[in-house]
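Now for the letters of each chain:
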2 protein chains.
Amino acid sequence: MSQITLKDIAKALNLSPSTVSRAMKNHPAISAETRALVQEYAETHKYKPNTLAMQLRTNRNTTIGVIVPEIVHYFFSTVLAGIQQEAESEGYNLLFCHSNEDYAREVRSVETLLDARVCGILASQSKTTEKFDHFQEIIDNDVHLVFFDRICTGINTDKVVVDDYAGAYNAVEHMIHTGCQRIAFLGSTPSMPIANNRRMGYEDALRKNKLPVDKNLSRICDTVDLAREIVPKLLKSDSLLDAFFCINDEVAAYCMQIVKSAGYRIPEDISVCGFTNSYITEVTDPTLTTVDQHGFEMGKVAARLLINRIEGKETKPGVVSRLIKTELVLKGSTREVVQ
Amino acid sequence: MSQITLKDIAKALNLSPSTVSRAMKNHPAISAETRALVQEYAETHKYKPNTLAMQLRTNRNTTIGVIVPEIVHYFFSTVLAGIQQEAESEGYNLLFCHSNEDYAREVRSVETLLDARVCGILASQSKTTEKFDHFQEIIDNDVHLVFFDRICTGINTDKVVVDDYAGAYNAVEHMIHTGCQRIAFLGSTPSMPIANNRRMGYEDALRKNKLPVDKNLSRICDTVDLAREIVPKLLKSDSLLDAFFCINDEVAAYCMQIVKSAGYRIPEDISVCGFTNSYITEVTDPTLTTVDQHGFEMGKVAARLLINRIEGKETKPGVVSRLIKTELVLKGSTREVVQ
DNA sequence: TTTTTTTGTGCAAACGAATGCACATCTTTT
DNA sequence: AAAAGATGTGCATTCGTTTGCACAAAAAAA
């Protein structure tokens with residue numbers, strides 16, 4: 001009863017709904033006179049087109065679904081901000097889903113988004129996902145899908161990823177150039193491409209610099225709890241250890257605490273490097289050297305790509321992959337380069 | 001062309017769309033036989049009701065709009081996670097908007113959400129908002145509105161807030177009990193109720209404990225840049241200063257850095273307390289005493305309240321206010337209580 | 001003046017689902 | 001056997017738009 005419709009305007013001005021509809025969209029067949037009349041009436045009576053009806057009729061809509069595995073998370077919230085900005089500037093809305101690293105919730109999120117008839121989906125996979133039927137269903141429903149960061153290798157679709165390999169390679173090589181010789185890698189499950197690529201970057205940097213690759217120094221350690229268990233063991237078992245390259249900033253920060261409380265100095269005795277460049281890197285003591293992932297840009301690029309697909313501006317058949325460059329950000333937890 | 005409709009089912013089974021519609025919703029007037037027939041056909045052909053059409057016809061929908069001022073932000077992302085969980089469990093979707101502390105974007109967000117015909121809106125105000133017409137418009141459109149955390153005092157509607165006053169009071173009193181005598185407050189603009197309430201809690205705790213309230217120790221200092229400028233000045237001008245109570249954890253963390261580099265020990269010489277209990281409180285050195293705001297619970301409570309309004313389960317006329325309790329979390333940046 | 005073209009409107013049928021009402025058919029009651 | 005009730009379906013309309021097509025009225029050309 002509150003919202004006024006095209007019909008109401010038509011009745012009030014003694015016109016037909018079709019004329020009003022056309023007048024509102026500046027259809028050339030409508031006289032300037034009626035057009036002005038209609039638009040003025042619409043303006044003063046605060047007419048708002050009913051998006052639902054419009055979408056139903058035209059069978060196209062401007063809502064994009066987003067699935068993130070975690071939201072209380074510097075990187076993903078940054079990506080979301082980027083997605084939001086790009087989407088908003090192109091007139092798209094965002095339907096937000098949160099899988100919370102849970103496969104079942106991820107599947108439900110997909111259902112929700114398909115039910116809501118979104119025109120495209122941006123997704124980053126949860127850690128626990130090992131089946132991909134739900135993602136395939138998106139494609140089977142002719143809904144565009146772009147993966148970002150945690151891509152799903154089982155599905156052939158567009159993706160935007162960070163250059164994890166290069167990020168890891170550069171970080172590790174930098175530590176080597178500062179004199180580190182035995183560098184541990186605190187990684188994540190190798191089934192995740194991002195983790196695997198970083199491990200490969202780490203190993204290649206060692207090899208390239210003629211350092212041994214010791215499998216014992218490469219661990220799955222992607223949570224605070226695991227860090228508390230693993231880092232002390234590593235320190236004890238290997239007295240020559242002089243650096244940690246970590247899968248994310250949190251693990252790196254906790255690693256630093258443990259290393260410090262074990263009596264080592266950072267970076268003089270042991271160097272530590274994180275991944276992401278979240279704000280915690282500024283408040284640790286010393287500040288934490290890290291690899292910036294440019295999450296905001298990733299979000300924008302992913303949204304851009306999806307929208308281009310939706311609007312038919314990106315016509316390349318097959319898979320489009322975008323690579324976001326990483327950047328080593330030197331702070332206080334690594335040493336100066338040895339001349 | 002991919003999605004099958006009620007009509008399609010009707011045609012295939014030689015029934016009318018109305019019968020199919022009723023069969024799908026287990027309408028009692030439909031025979032068990034037809035019902036089974038229809039539901040089986042729907043199942044095997046992956047029928048998905050068109051939400052748009054349904055919403056258009058019934059004039060009710062299950063999408064809630066959310067406006068947050070910042071998303072790369074521990075507290076707000078936590079609240080969002082809470083909102084998401086509650087909404088999802090009740091079958092509601094979330095349309096996500098991000099004002100980025102910008103009034104104009106906030107206004108646009110409201111427009112977007114009203115255009116999308118959401119059934120309710122959860123909002124937290126941006127720092128730069130001083131006019132409230134856009135919020136009033138939500139109410140004028142008969143859309144339910146619940147504010148959380150950064151409420152808008154100019155609008156009469158339901159709200160969920162943290163008990164900022166008690167949080168501040170308890171934190172400051174605790175520092176007094178540990179022997180602190182001159183406590184500075186690094187606050188935010190007093191036009192924000194949350195900032196003002198914390199200041200009042202701070203001042204009352206001083207008064208109650210017979211300590212002087214020195215306006216000079218109470219500053220607007222809610223960003224890192226301001227902290228860099230203000231904290232050193234305070235330290236220089238007041239050699240008796242022995243504590244900082246800060247508006248958020250970031251400011252507190254930077255404050256600690258400055259205090260430490262000025263040669264003071266924390267907490268022996270100077271105590272520091274933050275607000276939020278974000279993960280940075282665990283990685284500073286020492287760890288940071290803080291006031292937990294229970295963001296996740298706030299999100300759940302706010303969503304719950306909004307949904308109750310939408311579904312008519314909360315019938316109280318006038319404004320419903322929910323208060324989320326805060327909790328002092330003692331870590332390493334404050335001393336033990338003096339016996 | 002008649003025919004043709006232009007110009008502006010309106011009609012009606014979609015889009016996919018929900019629903020009040022009418023109507024057959026079958027069962028039960030009188 | 002006739003009337004009344006119960007049971008299951010279908011018709012038609014509605015939600016608010018969009019859009020192909022027809023069609024008046026006015027302007028231009030013949």
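A quick note: this is a predicted structure, and the numbers were derived from the prediction, not measured.

Conventions used here
Residues numbered from 1 in each chain as written. Chains lettered and ligands numbered in written order. Predicted model: local features only at pLDDT ≥ 70, side-chain atom pairs only at ≥ 80, totals over all residues. Heavy atoms only, no water. Contact = heavy atoms within 4.5 Å. Buried area = accessible area lost by both parts, 1.4 Å probe. Salt bridge = Lys/Arg side-chain N within 4 Å of Asp/Glu carboxyl O. Phe/Tyr/Trp six-rings, centres within 6.5 Å; stacked < 30°, edge-to-face > 60°. Helix = DSSP H or I, 4+ residues; strand = E, 2+ residues; numbered from the N terminus. Lys NZ or Arg CZ within 6 Å of the ring centre and 35° of its normal. Near = heavy atom within 4 Å. Polar contact = N/O pair within 3.5 Å; in protein donor to acceptor, adjacent residues only side chain to side chain. Nonpolar A, V, L, I, M, F, W, Y, C, P; charged D, E, K, R; others polar. Core = buried A, V, L, I, M, F, W, Y, C linked by side-chain atoms within 4.5 Å. Buried < 20%, exposed > 50% of the residue type's maximum accessible area, 1.4 Å probe, protein only. Pairing = 2+ DSSP bridges. Axes fitted to C-alpha atoms, helices over the stretch in contact; angles between N-to-C directions. Least-squares fit on C-alpha atoms with pLDDT ≥ 70 in both. Disulfide = S-S within 2.5 Å. Expected span 1.5 Å × (residues − 1). Domains from an automatic or database assignment.

## Overview of the interface of chain A and chain B
So, step 1. Between chain A and chain B, the contact holds 50 residues from the first and 50 residues from the second.
So, step 2. Regarding the contact of chain A and chain B, the summed buried area is about 4800 Å², with carbon and sulfur atoms giving 52% of it.
So, step 3. The interface formed by chain A and chain B holds ten salt bridges in total.
So, step 4. Two residues, Asp-285 of chain B and Lys-260 of chain A, come together in a salt bridge whose shortest N-O distance is 2.8 Å.

## Considering the packing of aromatic side chains
So, step 1. Enumeration over the complete set of coordinates arrives at 15 aromatic pairs over all chains.
So, step 2. When the ring of Tyr-74 of chain B is compared with that of Tyr-279 of chain B, the centres are 5.1 Å apart and the planes differ by 75°; the resulting orientation is edge-to-face. With Tyr-74 of chain B in helix H5 (residues 74-89) and Tyr-279 of chain B in the loop between strand E9 (271-273) and strand E10 (290-292), this pair connects stretches of sequence that are 205 residues apart.
So, step 3. Put simply, the rings of Phe-185, Tyr-202, Phe-245 and Phe-275 of chain A touch in pairs and so form one group of aromatic residues.
So, step 4. Arg-198 of chain A extends its terminal NZ or CZ atom over the ring of Phe-275 of chain A, reaching a point 3.7 Å from the ring centre.

## Notes on the protein's contact with DNA strand C
So, step 1. As a structural note, the neighbourhood of DNA strand C is formed by 27 residues, with Thr-19 of chain A together with Leu-6, Arg-22, Tyr-47 and Arg-57 of chain B the closest of them.
So, step 2. Here, DNA strand C places atoms within 4 Å of the protein, and 56% of those atoms are sugar or phosphate.
So, step 3. The separation between a phosphate oxygen of DNA strand C and a polar side-chain atom of Thr-19 of chain A is 2.7 Å.
So, step 4. The side chain of Ser-31 of chain A places a nitrogen or oxygen atom 3.2 Å from a phosphate oxygen of DNA strand C.
So, step 5. Secondary structure elements with two or more residues in the surface near DNA strand C: helix H2 (17-24) and helix H4 (51-58) of chain A together with helix H1 (6-13), helix H2 (17-24) and helix H4 (51-58) of chain B.
So, step 6. With four residues, the single largest contributor to the surface near DNA strand C is H4 of chain B.
So, step 7. Broken down by class, the residue content of the surface near DNA strand C amounts to nine nonpolar, eleven polar and seven charged.

## Considerations on the nonpolar core
So, step 1. Membership of the largest hydrophobic core comes to 58 residues, with the highest contact counts inside it found for Leu-122 and Phe-148 of chain A together with Leu-122 and Phe-148 of chain B.
So, step 2. Here Phe-148 of chain B is in contact with Ile-67, Val-68, Phe-76, Val-79, Ile-83, Leu-122, Ala-123, Ser-124, Val-160, Met-298 and Ala-302 of chain B, once residues within four sequence places are set aside.

## Some words on the sheet that holds strand E9 (residues 271-273) of chain A
All names here are of chain A.
So, step 1. Ordered in space as E7-E6-E8-E9, the four strands form an open sheet in which the pairing is parallel. With partners counted over all chains shown, the strands left at the sheet margins are strand E7 (218-220) and E9, one partner each. Strand-to-strand twist in this sheet, taken as the mean axis angle between neighbours without regard to direction, amounts to 15°.
So, step 2. Pairing of strand E6 (residues 183-187) with E7, which is carried by three bridges, proceeds in the parallel orientation. Across the sheet, the residue bridging to Phe-185 is Ser-218, located in E7.
So, step 3. The strands touched by helix H8 (residues 164-177) are E6, strand E8 (243-246) and E9; relative to E8, the strand with the most contacts, the crossing angle is about 170°.
So, step 4. Packing against the sheet, helix H11 (residues 249-261) makes contact with E6, E8 and E9, and its axis sits at approximately 155° to E8.

## Some words on the pairing of strand E5 (residues 158-162) of chain B
All names here are of chain B.
So, step 1. Of all the five residues making up E5, five are buried; the element is thus mostly covered by neighbouring parts of the structure.
So, step 2. Burial along E5 is two-sided: the residues Asp-158, Val-160 and Val-162 and Lys-159 and Val-161 are all buried.
So, step 3. Bridge count for strand E4 (residues 144-148) against E5 is three bridges, and the pairing is parallel. Bridge pairing links Phe-147 to Lys-159 in E5.
So, step 4. Looking at chain direction, E5 and strand E11 (residues 321-324) are connected through four bridges and run parallel. In the strand pairing of E11, Lys-159 is matched with Ser-321.

## Things to note about the relation of the copies chain A and chain B
So, step 1. Superposition of chain A onto chain B requires a rotation of 180° combined with a translation of 0.0 Å along the rotation axis, giving an RMSD of 0.1 Å. Both copies of the chain, as the preceding transformation shows, are related through a two-fold rotation axis.
So, step 2. Mapped onto chain B, 100% of the interface residues of chain A are again interface residues, and the two copies thus contact each other with one and the same surface.

## Quick look at the state of the cysteines
So, step 1. Counted under the stated rule, the structure contains zero disulfides over all chains.
So, step 2. Here Cys-246 of chain A is not disulfide-linked; the sulfur of Cys-255 of chain A is the nearest cysteine sulfur, at 4.5 Å.
So, step 3. No disulfide involves Cys-152 of chain B; its sulfur sits 17 Å from that of Cys-97 of chain B, the nearest cysteine.

## Thoughts on helix H9 (residues 193-208) of chain A
Residue and element names in this part refer to chain A.
So, step 1. Compared with the 22 Å implied by 1.5 Å per residue over 16 residues, the 22 Å span of H9 between its first and last C-alpha is a close match.
So, step 2. If you check which residues of H9 are buried, you get Pro-193, Ile-194, Ala-195, Arg-198, Gly-201, Tyr-202, Glu-203, Ala-205 and Leu-206.
So, step 3. As for H9, its buried residues are in contact with H8, E6, E7 and E8.

## Side note on the pattern of salt bridges
Residues and elements named next belong to chain A.
So, step 1. Taken as a whole and assessed by the stated rule, the structure comprises 46 salt bridges over all chains.
So, step 2. The residue Lys-127 makes a salt bridge to Asp-222 at a minimum N-O spacing of 3.7 Å. With Lys-127 in the loop between strand E3 (120-123) and helix H7 (133-140) and Asp-222 in the loop between E7 and helix H10 (224-237), the pair connects residues that are 95 residues apart, well separated along the chain.
So, step 3. Each of Arg-199, Glu-203, Asp-204, Arg-207 and Lys-215 takes part in a single network of salt bridges with overlapping partners.

## Some words on the domain arrangement of chain A
A common measure of how large an interface is: the accessible area buried when the components associate.
So, step 1. The assigned domain composition of chain A is domain 1 (6-49), domain 2 (61-161 + 295-324) and domain 3 (164-293).
So, step 2. Inter-centroid distance (C-alpha atoms) of domain 1 of chain A to domain 3 of chain A is 65 Å.

## Here's the deal with the protein's contact with DNA strand D
So, step 1. Taken together, 27 residues lie around DNA strand D, and Leu-6, Arg-22 and Arg-57 of chain A together with Thr-19 and Thr-34 of chain B are the ones closest in.
So, step 2. Arg-22 of chain A places a side-chain nitrogen or oxygen 2.5 Å from a base oxygen of DNA strand D.
So, step 3. At 3.2 Å, a side-chain N or O of Ser-31 of chain B approaches a phosphate oxygen of DNA strand D.
So, step 4. Mapped onto the surface near DNA strand D, the elements with two or more residues apiece are helix H1 (6-13), H2 and H4 of chain A together with H2 and H4 of chain B.
So, step 5. With four residues, the single largest contributor to the surface near DNA strand D is H4 of chain A.
So, step 6. A breakdown of the residues in the surface near DNA strand D according to their chemical character gives nine nonpolar, eleven polar and seven charged.

## Section: unusual backbone geometry
Excluding glycine, most residues fall at negative phi; most peptide bonds, likewise, are trans.
So, step 1. Note the cis peptide between Ile-266 of chain A and Pro-267 of chain A, where omega equals 5°.
So, step 2. Note that the residue after Asp-285 of chain A, namely Pro-286 of chain A, is joined by a cis bond; omega there is 0°.
So, step 3. Assignment of secondary structure puts Pro-286 of chain A in the loop between helix H12 (280-283) and strand E10 (290-292).
So, step 4. Notably, His-294 of chain A is not glycine yet its phi reads approximately 50°, a positive angle.
So, step 5. You can see His-294 of chain A is positioned in the loop between E10 and helix H13 (295-310).
So, step 6. Residues other than glycine seldom take positive phi values, yet Asp-149 of chain B does so here, at roughly 55°.
So, step 7. Checked against the element boundaries, Asp-149 of chain B lands in the loop between E4 and E5.
So, step 8. Asp-149 of chain B gets classed as buried once you look at its relative accessible area, which sits at 3%.

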